[in-house]
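Structural description and commentary
Next come the chains, spelled out residue by residue.
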Amino acid sequence: MNNRSIVQLYITAQSFSPGPLPGPCLARKATATPRRACPSPALPLLILPRSPSNRERPLPRNGGDVPSAVPRRLGTEWGWRGSHGCPLPRSKAEAEAIEKELLEDYRFGRQQLIEMWGHACAVAVTKAFPLPSLPRKQPTVLVVCGPAQNGAIGLVCARHLRVFDYEPTIFYPKRSLDPLYRDFTTQCEKMDIPFLSYLPTEVQLINDAYNAVVDAVLGAEAELGEGRGPCAGILATLKHVRIPIVSLDVPSGWDVEAGSSGGISPDVLVSLMAPKQCARRFLGRQHFVAGRFVPYDMQKKFELNPPDYPGTECVVALRAPQ
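So, a few notes on the structure that sits alongside this text. The residue numbers shown here count from 1 along each chain, following its written sequence. Given that the model is predicted, a residue must reach a pLDDT of at least 70 before its local features are reported, and side-chain atom pairs must reach 80 or more before they are shown or counted; all residues, however, enter totals for whole chains, interfaces and linings. Side-chain calculation: all heavy atoms of the structure are included, whereas hydrogens and water are not.

**Regarding the overall build of the protein**
Helix and strand content of the protein: 9 helices and 8 strands. Relative to its 322 residues, the protein shows a buried fraction of 45%. Long-range pairs, those at least 24 residues apart, make up 67% of the contacts in the protein with a sequence separation of at least 6. For the protein, the accessible surface area stands at approximately 17,300 Å², while carbon and sulfur atoms represent 54% of it. The secondary structure listing takes helices from DSSP runs of H or I that are at least 4 residues long and strands from runs of E that are at least 2 residues long, numbered from the N terminus. Partly exposed residues are those whose accessible area sits between 20% and 50% of the maximum for their type, while under 20% is buried and over 50% is exposed, using a 1.4 Å probe and protein chains only. The contact rule is simple, with two residues in contact once any of their heavy atoms fall within 4.5 Å. Methods summary: accessible areas were calculated by the Shrake-Rupley approach with a probe of 1.4 Å, and residue burial reflects only the protein chains presented.

Set out below in structure tokens:
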């Protein structure tokens, strides 16, 4: 064998040696198995399509390239900013459209959505009020539930708080006849979560008995007038409590878009999927967003611009306005 043949064999061996490979040579599952040499350049390459995830197709970052369809002024005007994203507040119609698409196009079930929201709200409560930080020896929390979907989310929140070693008590004066909501009620009863027969009108009794109140009375689906109906007495009491209030999605008595109109003043707000327009007027100390489960294509379609969720977190706290 002459020198030219030896050099040719050396070059051929090097071209087939194992090592880092360019992307087109790897299928999706290659990261879980040892890497192999690329096939011969003479053979056609099979490139498998892959659906990008949130990590692979990051949403626009503050200060980075933002599509023209996402106006910068909204994020600046609203003032709430996550570490990497600035969720844009949504109108009531937009929130309903997002939920409708989740139910009809993505085939989420109502029970599934309520369960995810309730769990995320309970996690937000544990972040806002960790067990060691509670002022009272007993980790008591009062969960006030309305008759509609927000009330059902409150029931699920109470159940998860019980799992997290809190001691929730539920006030659910107008129980829904919806079989799904009745199931949530049964679950709480089976877990020995007490239900109040009435809400004390003497506010000091509530202040002395509980560390915080979860407001799940009226949500985004409620009309403003409902705060002046059967729920008026509840809201009147909650307006005067001195312990912290955690509102789920929309503070009870608030207009979804205009904001406060004589409603309560919560210390913590947990926005579901995305903040609503009324969140612009929220002046409490902590604002959480629970929208990690929303599929990426929907985030892009509705221009949600969610913040980054670290690790496996299902909720994230937004930074307060400067």
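Back to the text.
**What to know about the sheet that holds strand 1 (residues 140-145)**
By definition, the strands of a sheet pair up through backbone hydrogen bonds, in either a parallel or an antiparallel sense. In spatial order, the strands read 3-2-1-4-5-6-7-8; together these 8 strands make up an open sheet with mixed pairing. One side of each edge strand has no neighbouring strand; the edge strands of this open sheet are strand 3 (195-196) and strand 8 (316-318). Angles run from 0 to 180 degrees between N-to-C directions of axes, and those axes are lines fitted to C-alpha atoms, restricted for helices to the stretch in contact. Against the sheet, helix 5 (residues 149-163) makes contact with strand 1, strand 2 (167-171), strand 3, strand 4 (212-216), strand 5 (245-248) and strand 6 (268-272), and its axis sits at roughly 160° relative to strand 1, the strand it touches most. Strands were regarded as paired on the criterion that DSSP finds at least two bridges between them.

**Some details on the nonpolar core**
Ranked by size, the top nonpolar core spans 50 residues in total, and within it Ile114, Phe129, Ile170, Phe184, Leu248 and Val270 carry the most contacts. Leucine 248 has contacts with Cys121, Asn150, Ile153, Gly154, Val214, Asp215, Ala216 and Val270, leaving out every residue within four places of it along the chain. Listed in part, the 18 residues of the second largest apolar core include Val144, Cys231, Ile234 and Ile245. For the purposes of this section, nonpolar cores are sets of buried Ala, Val, Leu, Ile, Met, Phe, Trp, Tyr and Cys residues that join through side-chain atoms within 4.5 Å.

**Structural notes on the pattern of salt bridges**
In the sections that follow, a salt bridge refers to a side-chain nitrogen of Lys or Arg positioned within 4 Å of a carboxyl oxygen of Asp or Glu. Across all of its chains, the model carries 6 salt bridges by this definition. Residues arginine 110 and aspartate 178 are paired through a salt bridge, measuring 3.0 Å at the closest nitrogen-oxygen approach. With arginine 110 in helix 4 (residues 110-128) and aspartate 178 in the loop between strand 2 and helix 6 (179-190), this pair connects stretches of sequence that are 68 residues apart. Residues glutamate 313 and lysine 127 are paired through a salt bridge, measuring 3.1 Å at the closest nitrogen-oxygen approach. Separated by 186 residues along the polypeptide, glutamate 313 in the loop between helix 9 (296-301) and strand 8 and lysine 127 in helix 4 bring together distant segments of the chain. The class of glutamate 313 is partly exposed, set by a relative accessible area of 27%.

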